[in-house]
Amino acid sequence: MSFDRIREKLSILADAAKYDVSCASSGGKRANTQKGLGNNTGMGICHTYTEDGRCVSLLKILLTNHCIYDCAYCVTRKSNDIKRAAFKIQEVVDLTINFYRRNYIEGLFLSSGIFKNSDYTMERLITVAKKLRLEENFNGYIHLKSIPGASDELMRQAGLYADRLSVNIEIPTVSGLKLLAPDKKHEDFIKPMQKVKNEIIQYKTEKKIIKSTPRYAPAGQSTQMIIGATGESDKDIMYSATYYYKKFNMRRVYYSGYIPVMPDNRLPSIGTEVPTLRENRLYQTDWLIRFYGFSIAEILNTTHKNLDLDIDPKLSWALRNLQLFPIDINTADKRTLARVPGIGMASVSKIVQARKFRRLDWSHLKAIGIATNRAQYFITCNSKDFYSKDLTPIMLKNKILKSTKSKYSNYFNQQLSLFS
Amino acid sequence: MNPQTILVYDGSFDGFLSCIFIVYDQKIKNPIIRKASQTNNQMFMIVEHIVTEEHKAHRVWKGFKEKTNATQQRDFFKVFLSEIKGVENTLLNYMRHVFEKTHAPSTDFSNKNILKITQVAKMVQREKHRMEAFVRFQLTNDNVYVATVAPDFNVLPLISHHFKDRYADQKWLIYDTTRKYGLYYNLSSVEIITFENSNTISSKNIEKHYNGQERDFQKLWSTYYRSVNITSRKNTKLHLQHIPKRYWKYLIEKTNNS
Ligand code: SF4
């Protein structure tokens, strides 16, 4: 193959794919069978990091950036005047294998613009995955994008070779989608998700009865939403996310701050700052709901529609519910411990282990690694000193903000200077 | 003042365990255990050179295994591989603690000794992960995928399994330039190898023997790395937190600017 040409294609088609934030290569386990190439241990490895600090674990590319659609938020859209390119199927296979053998990557994440029609596109994505698995005996990670509108039969095949499938919902609200992607239908996104979910359930049931049933998309499916493109609230976003988690058993929902890439009067103008902090707060909320036992309504509701930017959502919740505190570190159950600002899940289990041996005091808590500068206002332990003043939530918030340096404090200084 | 005994061993894990055997066998109080490569002459000390003896090492390890679980055993080994000066004595104290108690709680994080072991084990574990991530194989014309590393801790014994599992159908070599030994997988098993002449494994010599396409794939990888960057989100602090500069030397995408 001609390397210069491949190199040009690679730079175009990697560039076009990079706005997809999902890079997880974890979740699906695949053993190296019969001395083939690669394995997937269920723990993704980040082989390198971009200068913006994102993990690079997969070769993430588009098969082509030719597209018949014209979605406003997407660089690949038909009306955008950019260089177009398309990989041959074998070229993607060769790149994947050669990168993998050199320990550059954990596997492939293949997406595509839609050319001709959904099924034609989906079929070619599947062919790449199939070649990798059957011809190259490749057991590394494969993530395929489900093309909206692809047929059920193709979605069934896709799951046989891919570890994960995803459809990006992109716009959290149906009305936003109508505005920005007028020729795409909401059902087209939903259909492949529904199919993948049903197949996963069906294969799992069959697997219980017949052991040799092949596995279907063992790492499940995920989706991504662009935030900050249509003026939606955090509540809109998180309620949508919760819906997708529940309804389609999503493994992950990703939140991607909108990066203005072309002028369009329906969208934030070019140069608008990427809402990275908001993105971060959404991920924190996502974690609180999935792992910390919070319900969405506790964090976002009609009186509290947007997350605070200056403090994390757990602290914000705690300040709104001061009547529930302080709790006793030596007796509270796991669920309650997890709700204390400054105590993460890892600390919860350490506390529970360590308190079997003695009643814990402040020095123990510090040794375990708890952020006592936050936690101290919400807990008591085996010590006579504890915080006892009755501060209002606002006063307490300021006190905590003063004593903890947020990694975003720079961001705030800049933001504030904008208004002064 | 009583002279202190210093036990000097060859640096191997078995050698270290042999020292522990001697400590118990000869009831030595407050010994210092050191690698031969780390000692300097000290006055007021009785220096004893300990010969590595497998059966002694095995007896110690067997006893330790009976009182501990798999995680504790792995952590013990990892802490040993840290090669931090004086780590042998921390491990000795820990082992004493284990032997004294009938049931040793590894989860009592408020005990300083255990906390330290857990912390160092974690550091070593992190280095292991980094090596699994940052090793970059270069294909040579005799069809061996070669990588050189210089990890902070002696983690080659810990990563062997991972690479053997993953790259089962290609020959590979991972060489530690600091400790001057490597792992070589010959398509059936992993062997430990050393080179008489360290030039054999110098980056210059490896480059001389590149497979015809090697440079092209390195360029493709660098191209890819540059293309996925999003300039408007640049965050150097975070970047350096993930890949501290001392690891850049491994990374083709960080050194290859063509
Ligand atoms: S269909 Fe997909 S690739 Fe095409 S313009 Fe819309 S979002 Fe972009």
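The residue numbers shown here count from 1 along each chain, following its written sequence. Labels are handed out in written order, letters beginning with A for the chains and numbers beginning with 1 for the ligands. Totals for whole chains, interfaces and linings use all residues, but because this is a predicted model, local features are given only for residues with pLDDT of at least 70 and pairs of side-chain atoms are given and counted only at 80 or more. Working from all heavy atoms in the structure, the side-chain values ignore hydrogens and water.

So, about the overall build of chain B. For helices the rule is a DSSP run of H or I covering at least 4 residues; for strands it is a run of E covering at least 2, with both sets numbered from the N terminus onward. For chain B, the helix and strand inventory stands at ten helices and eight strands. Relative accessible area decides the class of each residue, using a 1.4 Å probe on protein chains only: under 20% of the type maximum gives buried, over 50% gives exposed, and in between gives partly exposed. By the burial criterion, 51% of the 258 residues in chain B qualify as buried. Contact criterion: two residues are considered in contact whenever any of their non-hydrogen atoms come within 4.5 Å of each other. In chain B, 69% of the contacts between residues at least 6 apart in sequence involve partners at least 24 apart. Roughly 13,200 Å² of accessible area belongs to chain B as shown, and the carbon and sulfur atoms make up 50% of that amount. For the accessible areas, the method is Shrake-Rupley and the probe is 1.4 Å, while residue cover comes only from the protein chains on display.

With that settled, the discussion passes to the sheet that holds strand S10 (residues 252–257) of chain A. Residues and elements named next belong to chain A. For two strands to count as paired, DSSP must find a minimum of two bridges between them. Strand order across the open sheet formed by six strands is S5-S6-S7-S8-S9-S10, with parallel pairing between neighbours. Both outer strands of the open sheet, strand S5 (58–62) and S10, are each paired with one neighbouring strand and no more. Along the sheet, successive strands turn relative to each other by an average axial angle of 20°, direction set aside. Relative to strand S9 (residues 221–227), strand S8 (residues 164–166) runs parallel, the two sharing two bridges. The residue of S9 that forms the bridge with Leu-165 is Gln-221. Fitting a line to C-alpha atoms yields each axis, with helices limited to the stretch in contact; the angle taken between N-to-C directions then spans 0 to 180 degrees. Across the sheet, helix H3 (residues 118–134) is in contact with strand S6 (107–111) and strand S7 (141–145); its angle to S7 comes to roughly 170°.

Bringing the packing of aromatic side chains into the picture now. In this analysis, rings of Phe, Tyr and Trp, with Trp reduced to its six-membered ring, are considered paired at centre separations within 6.5 Å, and the interplanar angle assigns stacked below 30 degrees, edge-to-face beyond 60, and tilted for intermediate values. Under the definition given, this model contains 37 aromatic pairs over all chains. Summarising the aromatic geometry, the rings of Phe-99 of chain A and Trp-221 of chain B are spaced 5.3 Å apart at their centres and angled 80° between planes, so their arrangement reads as edge-to-face. One end of the pair, Phe-99 of chain A, is in helix H2 (residues 89–101); the other, Trp-221 of chain B, is in helix H8 (residues 214–227), on a second chain. Comparing Phe-99 of chain A with Trp-221 of chain B shows no difference in burial state: the two are buried. An aromatic cluster of three or more residues is present, and its members are Tyr-9, Phe-13, Phe-16, Trp-61, Phe-64, Phe-76, Phe-77, Phe-80 and Tyr-94 of chain B. Two conditions define a charge located above a ring, namely a distance within 6 Å from the ring centre to NZ of Lys or CZ of Arg, and an angle within 35 degrees of the ring normal. Over the ring of Tyr-120 of chain A we find Lys-116 of chain A; its NZ or CZ atom is 4.3 Å from the centre of that ring. The ring of Tyr-239 of chain A carries the charged tip of Lys-235 of chain A above its face, separated from the ring centre by 5.4 Å.

Residue and element names in this part refer to chain B. Of all six residues in strand S1 (residues 4–9), five are buried, a share of seventy percent or more. Judged from the four bridges that link them, S1 and strand S2 (residues 32–35) form a sheet pairing that is parallel. Residue pairing in the sheet places Leu-7 in a bridge with Ile-33 of S2. Each parallel crossover has a hand, and for S1 linked through helix H1 (residues 13–25) to S2 it is right-handed. A right-handed crossover is one whose linking path, passing over the helix from the first strand to the second, runs clockwise when the strands point away from the viewer.

Accessible area lost on assembly of the parts is the figure often given for the size of an interface. Between chain A and chain B, the residue contacts involve 55 residues of the former and 57 residues of the latter. Summed over both partners, buried area is the accessible surface (1.4 Å probe) that two parts give up on being assembled. Interface area, chain A with chain B, both sides summed: about 5,100 Å², of which 56% is carbon and sulfur. Any Lys or Arg side-chain nitrogen found within 4 Å of a carboxyl oxygen on Asp or Glu counts as a salt bridge. Our enumeration of links across chain A and chain B arrives at three salt bridges. Across the salt bridge formed by Arg-102 of chain A and Glu-214 of chain B, the nearest N and O atoms sit 2.8 Å from each other. Under the rule applied, a polar contact is a pair of N or O atoms within 3.5 Å (in protein, one hydrogen donor and one hydrogen acceptor; residues adjacent in sequence only if both atoms are side-chain atoms). Taken together, chain A and chain B are joined by 20 residue pairs in polar contact (both at pLDDT 80 or more). Among the secondary structure elements, those contributing two or more residues to the side of chain A that touches chain B are helix H1 (3–17), strand S3 (48–49), S5, H2, helix H8 (276–291), helix H12 (345–354) and helix H13 (362–368) of chain A. Sort the elements by how many residues they give to the side of chain A that touches chain B and H1 of chain A lands first, with seven residues. For this scheme, ten residues count as nonpolar: Ala, Val, Leu, Ile, Met, Phe, Trp, Tyr, Cys and Pro. Four count as charged, namely Asp, Glu, Lys and Arg, and the remainder, Gly too, count as polar. Its residues placed into classes, the side of chain A that touches chain B shows 26 nonpolar, 15 polar and 14 charged.

We now examine helix H3 (residues 70–81) of chain B. Residue and element names in this part refer to chain B. End to end, H3 covers 17 Å across twelve residues, agreeing with the expected 16 Å (1.5 Å per residue, within 8%). Looking only at H3, the buried set comprises Gln-72, Gln-73, Asp-75, Phe-76, Lys-78, Val-79, Phe-80 and Leu-81. Near the N-terminus of H3, the side chain that reaches the backbone nitrogen of Thr-71, with its oxygen 3.2 Å away, is that of Asn-69. The first or second residue beyond H3 is Glu-83, which carries a positive phi of 60°. A helix's residues, less one, multiplied by 1.5 Å, set its expected span.

Let us now look at the domain arrangement of chain B. Residue and element names in this part refer to chain B. How far each domain reaches was decided by an automatic or database domain assignment. Each assigned domain of chain B is listed with its residue range as follows: domain 1 (4–127), domain 2 (135–211) and domain 3 (213–258). Taking the mean C-alpha position of each, domain 2 and domain 3 sit 22 Å from one another. Summed over both partners, the interface of domain 2 with domain 3 buries about 930 Å², with 44% contributed by carbon and sulfur atoms. For the interface between domain 2 and domain 3, the tally reads two salt bridges. Where Glu-253 meets Arg-136, a salt bridge forms, and the shortest distance between an N and an O atom there is 2.9 Å. Connecting domain 2 to domain 3 are seven residue pairs in polar contact (both at pLDDT 80 or more). Elements with a contribution of two residues or more to the side of domain 2 that touches domain 3: strand S4 (138–139) and strand S5 (144–149).

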